[in-house]
Amino acid sequence: MIERIDYLIVAMDYATTCAGTCPTCVLSKTERTATNRATSLDAIEAGMKASAAQYEGAGVVAVTIGRANVLALPEGSVGEIVEIMRYARKHYRSDHLIAEISTSLIGKIDQQIDRAKAITAALDAEGFESRFVVVANTALHSEKYWANLDRFLSEMEEARGGRAARGNGDILQLALAIESLPEVGELCRRLSGYGFPINLAWAPGHDAGSRDEERLRRLTIWLAAFYDEAIRLDLDASIVFRIDNAVRRSIADVIEAASHAERSSEAIVYIGQDGNWHNGLFTALAEMDPVRFDPAAEGRTMTGITVKELRKIITNPACRSCPYIGPCVSAGGHKIGLITLRNHDKGTAVCPSGLKNSFERSAQRLGHAG
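Residues numbered from 1 in each chain as written. Predicted model: local features only at pLDDT ≥ 70, side-chain atom pairs only at ≥ 80, totals over all residues. Heavy atoms only, no water.

1. Focus: the overall build of the protein
Tallying secondary structure elements over the protein gives 15 helices and 10 strands in all. In terms of C-alpha radius of gyration, the protein reaches 20 Å, essentially the compact-globule figure of 21 Å for 370 residues. The C-alpha extent of the protein, read off along each of the three principal axes, is 55 × 50 × 40 Å. By the burial criterion, 57% of the 370 residues in the protein qualify as buried. Here the analysis covers contacts within the protein between residues at least 6 apart in sequence; of these, 79% occur between residues at least 24 apart. Counting every atom, the protein has about 15400 Å² of accessible surface; 49% of that belongs to carbon and sulfur. In the protein, the 42 positive side-chain charges and the 47 negative ones have mean positions that sit 3 Å from each other. (Helix = DSSP H or I, 4+ residues; strand = E, 2+ residues; numbered from the N terminus. Rg over C-alpha atoms; globule rule 2.2 N^0.38 Å. Buried < 20%, exposed > 50% of the residue type's maximum accessible area, 1.4 Å probe, protein only. Contact = heavy atoms within 4.5 Å. Areas by Shrake-Rupley, 256 points an atom, 1.4 Å probe, with all protein chains shown as cover. Lys, Arg positive; Asp, Glu negative; His and termini not counted. Charge placed at Lys NZ, Arg CZ, Asp CG, Glu CD.)

Below you can see the structure in the form of structure tokens.
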């Protein structure tokens with residue numbers, strides 16, 4: 001039994017439908033072209049019931065109804081989303097429930113805004129708070145695309161009382177691919193003024209760029225530049241507070257750091273389409289589902305780290321000489337790095353997670369330079 005925790009994320013593959021073109025999408029073409037939900041409500045409830053039995057309770061349970069564009073599903077999905085939240089209320093012991101509904105906003109924006117408002121109204125009627133997790137394709141530079149995204153976020157904020165209201169926004173997840181990294185200044189200009197959480201998501205197991213060290217170096221530089229700009233603009237960016245927190249913890253021992261990362265995995269549950277569940281992992285970028293993000297994993301070790309994996313990290317040329325190896329592992333950076341290293345039999349001379357420069361920036365800023 002897992003002791004009561006402050007915040008528990010319960011995520012599921014309710015929908016895989018998406019007409020988007022994110023270069024590192026973890027979904028198959030068949031999944032993306034589906035026209036209905038990807039699993040049954042019975043399977044979702046079974047996963048909730050089984051996972052909830054392992055937890056004493058949580059302050060907040062955030063039910064992430066994903067993984068793709070839920071707003072593109074048939075109208076009947078509105079009632080199903082309400083039913084999923086009823087399951088959560090029935091099975092999880094919590095003080096507060098939040099629905100987090102994923103969308104890519106690919107398609108007719110007016111229809112998706114109307115659907116989002118219908119979902120919000122239906123959940124409000126049941127006493128459930130709701131937010132949308134908007135997955136943005138950073139490879140796109142179309143002004144119309146970003147204008148539609150901003151319009152959606154703005155209208156949903158307005159429906160909840162306006163942008164000035166504290167904690168009133170949605171969640172923006174920026175999907176990255178090394179070959180199509182946007183100019184940091186241009187991207188952050190679009191984000192300036194957003195007061196809600198902004199996460200970066202990179203799936204090295206689905207990014208051909210992770211196989212090339214020069215491209216990994218490019219990612220490392222880019223992430224550090226984003227870290228700096230997020231601080232300058234006071235963005236609520238996960239890369240900032242998760243890296244800063246890891247640096248403040250200053251866990252030097254790698255085994256202790258790995259244990260900390262494993263404990264953090266207890267705060268996220270993924271329910272598969274078959275109703276089985278497993279823990280995920282918080283990383284310095286975003287939450288990660290090992291089943292999806294690590295397609296080549298041996299033995300499906302999930303969030304735990306085997307002795308073999310730990311050895312691979314600490315003996316990798318770039319990692320064994322890195323002064324931030326402890327904080328990196330404690331922040332889940334080791335899992336990102338291990339996925340990358342599956343394509344580098346001899347290891348890498350550059351950071352396999354792309355995070356070293358960001359840790360360096362944080363250490364200098366907080367006075368913890370290695």
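2. Some points on the state of the cysteines
The bond known as a disulfide is covalent and runs between the sulfur atoms of two cysteines. As enumerated under the stated definition, the model contains 0 disulfides in all. Unpaired in this structure, Cys322 has its nearest cysteine sulfur neighbour in Cys351, at a distance of 6.5 Å. What makes Cys322 buried here is its relative accessible area of 14%. (Disulfide = S-S within 2.5 Å.)

3. So, the nonpolar core
Core analysis: the biggest nonpolar cluster contains 93 residues, and Tyr14, Phe152 and Phe226 have the highest contact counts within it. A per-element tally of this core places strand 1 (residues 5-15) first, with 8 residues. What Phe152 contacts, discounting residues up to four positions off in sequence, is Leu71, Leu105, Ile109, Gln112, Ile113, Ala116, Phe132 and Val134. Listed in part, the 11 residues of the second largest apolar core include Ala257, Ala258, Ile313 and Cys319. (Core = buried A, V, L, I, M, F, W, Y, C linked by side-chain atoms within 4.5 Å.)

4. Describing the sheet that holds strand 1
Backbone hydrogen bonds are what pair the strands of a sheet, in a parallel or an antiparallel way. Read across the sheet, 8 strands follow the order 6-5-4-3-2-1-7-8 without closing on themselves; strand pairing throughout is mixed. For this open sheet the edge positions go to strand 6 (198-202) and strand 8 (277-279), each flanked by a neighbour on one side alone. Here the average twist between neighbouring strands, direction ignored, is 25°. Bridge count for strand 2 (residues 58-67) against strand 3 (residues 94-103) is 7 bridges, and the pairing is parallel. From the neighbouring strand, Ile65 faces strand 3, where its bridge partner is Ile101. (Pairing = 2+ DSSP bridges. Axes fitted to C-alpha atoms, helices over the stretch in contact; angles between N-to-C directions.)

5. Digging into the pattern of salt bridges
One pass over the structure, following the stated rule, counts 26 salt bridges. For the salt bridge of Arg151 with Asp110, the shortest nitrogen-to-oxygen distance reads 2.5 Å. Of the two residues, Arg151 sits in helix 5 (residues 143-159) while Asp110 sits in helix 4 (residues 109-125), which places them 41 residues apart along the sequence. According to the relative accessible area criterion, Arg151 is partly exposed, its value standing at 33%. The shortest N-O distance in the salt bridge between Arg215 and Glu179 comes to 2.0 Å. (Salt bridge = Lys/Arg side-chain N within 4 Å of Asp/Glu carboxyl O.)

6. With respect to the packing of helix 6 (residues 184-191) against helix 7 (residues 213-232)
Close contact between helix 6 and helix 7 brings their axes to 10 Å; oriented N to C, the two are set at 35°. Two packed elements cross with a definite hand, and for helix 6 against helix 7 that hand is right-handed. Residues Val184, Leu187, Cys188 and Leu191 of helix 6 form the contact with helix 7, whose own contacting residues are Trp222, Ala225, Phe226 and Glu229. Class assignment for the residues of the contact of helix 6 with helix 7 results in 7 nonpolar, no polar and 1 charged. (Left-handed = near helix turned anticlockwise from the far one by under 90°. Nonpolar A, V, L, I, M, F, W, Y, C, P; charged D, E, K, R; others polar.)

7. Digging into helix 9 (residues 254-264)
For helix 9, every residue scored as buried is listed here: Val254, Ala257, Ala258, His260 and Ala261. In an axial view of helix 9, the angular spread of the buried residues amounts to 155°, which keeps them on one side of the axis. Buried residues along helix 9 sit against helix 8 (238-249), strand 9 (281-282), helix 11 (307-315), helix 13 (325-330) and helix 14 (333-341). Regarding helix 9, its N-cap is Asp253, as a side-chain oxygen of that residue lies 3.2 Å from the backbone nitrogen of Ile255 further along. (Arc of directions from axis to C-beta. Polar contact = N/O pair within 3.5 Å; in protein donor to acceptor, adjacent residues only side chain to side chain.)

8. Some words on the side chain of His334
Counting through the fold element by element, His334 comes out in helix 14. Residue classification places His334 among the buried residues on the basis of a relative accessible area of 2%. At 3.2 Å, the side chain of His334 forms a polar contact with the backbone oxygen of Val329.

9. A few points about the pairing of strand 2
Within strand 2, 9 of the 10 residues are buried, which leaves it mostly tucked inside the rest of the structure. Two strands pair when backbone bridges link them, and strand 1 and strand 2 are joined in this way by 9 bridges, in the parallel orientation. By the bridge assignment, Val10 is partnered in strand 2 with Val63. The parallel pair strand 2 and strand 3, bridged by helix 3 (residues 77-91), forms a crossover whose chirality is right-handed. (Right-handed = clockwise from strand over helix to strand, strands pointing away.)

10. Structural notes on helix 3
Given a rise of 1.5 Å per residue, 15 residues ought to cover 21 Å, and the 21 Å separating the end C-alpha atoms of helix 3 matches this to within 8%. Among all positions in helix 3, only Ser77, Val78, Glu80, Ile81, Val82, Ile84, Met85, Tyr87, Ala88 and His91 are buried. Looking at the buried residues of helix 3, the elements they touch are strand 1, helix 2 (41-52), strand 2, strand 3 and helix 4. (Expected span 1.5 Å × (residues − 1).)

The quantities given are spatial measurements derived from coordinates; they are silent on function.
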